[in-house]
Amino acid sequence: MDLHLKIWRQKDRKSEGKLVDYDLKGLNSHMSFLEMLDTLNEKLITEGDEPVEFDHDCREGICGQCGMMINGIAHGPLKNTTTCQLHLRSFKDGETILIEPFRAEAFPVKKDLKIDRSAFDRIISSGGFVSVNTGQAPDATAIPVSHQTAEEAFDSAACIGCGACVATCKNGSAALFTSAKITHMALLPQGKEERSKRVLNMVTQMDTELFGHCSNTEACEVECPQGISVLNIARMNFEYNRALFFRKK
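Residues numbered from 1 in each chain as written. Predicted model: local features only at pLDDT ≥ 70, side-chain atom pairs only at ≥ 80, totals over all residues. Heavy atoms only, no water.

1. With respect to the pairing of strand 5 (residues 96-100)
In the case of a regular strand, side chains alternate between the two sheet surfaces.
Item 1. In the sheet, strand 1 (residues 3-9) pairs with strand 5 via four bridges, with the strands oriented parallel. Residue Leu5 lies in a different strand from strand 5, and its bridge partner there is Ile97.
Item 2. Bridge count between strand 3 (residues 69-70) and strand 5: two bridges; the pairing is antiparallel. Counterpart to Ile70 in the pairing with strand 5 is Ile99. (Pairing = 2+ DSSP bridges. Helix = DSSP H or I, 4+ residues; strand = E, 2+ residues; numbered from the N terminus.)

Next up, the structure:
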């Protein structure tokens, strides 16, 4: 199959970017989207041009690094699918594909399709962990956890931190990402001791990173490759108000 690509090229975060046109011919419809970009880069390098920079790592839909806007949709047209899991059979022969980086004030473009997601790392560092005493690891069955609680916590922990929720939100909100991390640990007994400190610190850091506010459009859940529920945001709001209430007392 043949494809016409319109790809965002930008030297660095201070430079102006633009869309550049590329044509690829004789592609295999079973190729992944990233393999198609690899093919383009091989062509560009052979011709003496600079390859297109894009983030990737595991290419198995786990690491969350491969996010980009494809025809205006985070990760492309397939629901609950990361960019690396997307294949060319999802497109038509001769189709024009628009490829851009995730857009958000808190996600500055580093180069081409690569963005800086370190704001997520700083949110996690502010409270997305459980403090434990050093020494021998406790027995795995020392603290009983019900099956329902474990399943609910795992649903929240499934967030891969790709940033699609931020990119697709009209406000550039990180509420779904932050709430998933808060809910994951608020549900488990190991995380309850620091629940108030955690939610206050992580929400404060989220606001410091210049993410927008959640206005309940639920676009984040629609585009999330892991299907993380917006109910996590409700849980985060509950945890935040609870923490403020007990702090005042």
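2. A few points about the sheet that holds strand 3
Pairing between the strands of a sheet comes from backbone hydrogen bonds, and it takes one of two forms, parallel or antiparallel.
Item 1. Judged by pairing direction, the sheet is mixed, and its five strands sit side by side in the order 2-1-5-3-4 without closing on themselves. In this open sheet, the two strands that pair with only one neighbour each are strand 2 (18-24) and strand 4 (73-74).
Item 2. In the sheet, strand 3 pairs with strand 4 via two bridges, with the strands oriented antiparallel. The partner of Met69 across the bridge, within strand 4, is Ala74.
Item 3. Sheet strands in contact with helix 1 (residues 33-46) are strand 1, strand 2, strand 3 and strand 5, and its direction is about 90 degrees off that of strand 2. (Contact = heavy atoms within 4.5 Å. Axes fitted to C-alpha atoms, helices over the stretch in contact; angles between N-to-C directions.)

3. Some remarks on helix 7 (residues 195-208)
Item 1. Taking 1.5 Å per residue as the helical rise, helix 7 with its 14 residues ought to reach 20 Å, and the 20 Å between its terminal C-alpha atoms agrees with that figure.
Item 2. Residues Arg195, Arg198, Val199, Leu200, Met202, Val203 and Met206 constitute the buried set of helix 7.
Item 3. A positive backbone phi angle near 70 degrees is found at Leu210, which sits one or two residues after helix 7. (Expected span 1.5 Å × (residues − 1). Buried < 20%, exposed > 50% of the residue type's maximum accessible area, 1.4 Å probe, protein only.)

4. A word on unusual backbone geometry
Item 1. Of note, the phi angle at Asn80 is positive, near 55 degrees, even though the residue is not glycine.
Item 2. Along the chain, Asn80 falls in the loop between strand 4 and strand 5.
Item 3. For Asn80, a relative accessible area of 38% corresponds to the partly exposed category.
Item 4. You will see that Glu218, though not glycine, has its phi angle at about 65 degrees, which is positive.
Item 5. The topology assignment puts Glu218 in the loop between helix 7 and helix 8 (219-223).

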